[in-house]
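What the coordinates show
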Amino acid sequence: MMRFLENKVAIVTGSGRGVGRETALLFAENGAKVVITDIDEGPAKEVQDEIVNNGGEAIIVCGDVTLAEFPKRVITETIFHYGKLDILVNNAGFTMDALIHKMTDDQFQKVMNIHLLTPFRLIREAAPYMRECGKEEIAQGVVNHRKIINVSSVAGLRGNIGQANYASAKAGVVGLTKVVAQEWGRFNINTNAVAFGFIETRMTQTKELSEEVDGEKMGIPEKVRQLFIDKIPQKRTGQAREAAEGILYLASPLSNYVNGQVLQINGGSYT
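Per chain, residue numbering runs from 1 following the sequence as it is written. With the structure being a predicted model, the display of local features is reserved for residues of pLDDT at least 70 and the display and counting of side-chain atom pairs for 80 or more, all residues being used for whole-chain, interface and lining totals. Side-chain numbers come from the whole structure's heavy atoms, not from hydrogens or water.

All right, on to the pairing of strand β5 (residues 146–153) then. The buried fraction of β5 is high, at eight of eight residues. Buried, partly exposed and exposed residues are distinguished by accessible area as a fraction of the type maximum, computed with a 1.4 Å probe on protein chains only: under 20%, between the cut-offs, and over 50%, respectively. Each helix is a run of H or I in the DSSP string that is no shorter than four residues. Each strand is a run of E no shorter than two, and both are numbered from the N terminus. Neither face of β5 is open: one carries Arg146, Ile148, Asn150 and Ser152, the other Lys147, Ile149, Val151 and Ser153, and all of them are buried. With four bridges connecting them, strand β4 (residues 87–90) and β5 associate as parallel partners. Pairing of Ile87 across the sheet is with Lys147, part of β5. Seen with its strands pointing away from the viewer, a crossover is right-handed when the path leading from the first strand over the helix to the second is clockwise. Taken together, β4, helix α4 (residues 105–139) and β5 constitute a β-α-β crossover, and its handedness is right-handed. Pairing between strands requires that DSSP locate at least two bridges from one strand to the other. Pairing geometry for β5 and strand β6 (residues 189–196), over eight bridges, is parallel. Within β6, the residue paired with Ser153 across the bridge is Phe196.

Bringing the nonpolar core into the picture now. Put simply, buried Ala, Val, Leu, Ile, Met, Phe, Trp, Tyr and Cys residues joined by side-chain atoms within 4.5 Å make one nonpolar core. Ranked by internal contacts, the top residues of the largest apolar core, which has 33 residues, are Phe27, Val34, Ile51, Phe196 and Ile247. Elements supplying a minimum of two residues to this core: β1 (9–12), α1 (18–29), β2 (33–36), α2 (41–53), β4, β5, β6 and α8 (240–251). Residues within four places of Val34 in sequence aside, it is in contact with Ala10, Val12, Ala24, Phe27, Ala28, Ile51, Glu57, Ala58, Ile59 and Tyr82. By size, the runner-up hydrophobic cluster in this structure holds 32 residues, among which are Ile148, Tyr166, Val180 and Trp184. Should any heavy atoms of two residues lie within 4.5 Å, those residues are counted as being in contact.

Multiplying 1.5 Å by the residue count of a helix minus one yields the expected span of that helix. With twelve residues, α1 extends 17 Å from end C-alpha to end C-alpha; this agrees with the ideal 16 Å at 1.5 Å per step. When you tally the buried positions in α1, you get nine out of twelve residues, the bulk of the element. Where α1 is concerned, the buried positions are Val19, Gly20, Glu22, Thr23, Ala24, Leu25, Leu26, Phe27 and Ala28. At the exit of α1 stands Gly31, carrying a positive phi of roughly 95 degrees.

Once that is clear, we can look at the sheet that holds β5. Taken together, seven strands build an open sheet; the order of strands is β3-β2-β1-β4-β5-β6-β9 and the sheet is parallel. Two strands lie at the open edges of the sheet, namely β3 (57–60) and β9 (262–265), each paired on one side alone. On average, each strand axis in the sheet is inclined to that of its neighbour by 20 degrees, with strand direction left out of account. Relative to the sheet, α4 contacts β4, β5 and β6, its axis offset from that of β5 by approximately 155 degrees. For every element, the axis is a line fit to its C-alpha atoms; helices are fit only across the contacting stretch, and the angle between N-to-C directions ranges from 0 to 180 degrees.

Now for a nonpolar patch on the surface. Without a salt bridge and with relative accessible area above 30%, a residue can belong to a patch; like charges are then joined within 9 Å and nonpolar side chains (Val, Leu, Ile, Met, Phe, Trp, Tyr) within 5 Å. The method behind every accessible area is Shrake-Rupley, applied with a 1.4 Å probe, and residues are considered shielded solely by the protein chains displayed. One side-chain nitrogen of Lys or Arg within 4 Å of one carboxyl oxygen of Asp or Glu is enough to make a salt bridge. Taken together, Tyr249, Leu254 and Leu263 make up a surface patch of nonpolar side chains, about 260 Å² in accessible area. Locating Leu263 in the fold gives a position in strand β9.

Pasting the structure below:
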């Protein structure tokens with residue numbers, strides 16, 4: 001079986017759970033050396049153990065991705081262990097939903113920080129190992145594609161009631177993606193986004209049964225969940241593995257002439 005990411009080095013943020021976890025596992029199955037990042041060490045260690053037990057390679061860099069010093073730390077650790085960076089997946093995130101007249105500045109800013117400011121900082125920090133390396137390779141006549149995949153959402157394309165912060169941040173991710181694609185495309189860096197619809201993760205679980213993050217319950221009320229599902233042409237939610245497969249495509253050589261695009265993974269919704 002062909003392994004699409006043989007000997008590639010990939011950072012996947014938020015890879016202890018959900019789509020990030022499945023992406024890290026899928027990347028490792030395809031030959032990548034994976035840098036797992038998560039705010040919680042326990043889930044990150046479980047992913048690392050699964051990768052290593054299956055014959056793959058992975059390291060963990062845990063911490064709060066929204067802290068200003070985190071991007072430098074994760075990039076530095078990646079280069080120290082593996083000597084290069086081929087793929088960056090900006091996946092980490094959470095929701096803090098409220099109707100706009102009830103949303104606080106803190107709720108708005110926290111969601112903007114993790115979904116938009118953090119990817120910007122990570123991309124900027126990666127420049128010497130992606131942009132500058134690509135520039136040097138081109139001067140030597142070498143073509144070597146590197147990939148940046150930013151996780152957006154259909155909420156960022158069309159809005160969503162109760163998610164002024166999340167929709168604004170995810171719309172910003174699309175804009176950021178298109179700018180980096182234009183600025184760095186000449187260095188054989190493909191920058192694309194995935195916009196997920198209803199994927200089964202902590203953020204889309206039944207809110208009444210969900211855990212809290214920073215004092216806020218994650219998830220969606222069950223009645224609202226069912227309304228969303230009823231509108232999906234395939235009449236089901238997507239699985240995290242299916243979402244990760246879209247990310248794998250954008251990280252693989254199959255997408256070497258795909259740049260600045262938004263791949264919607266939504267079961268046919270919003271076509």
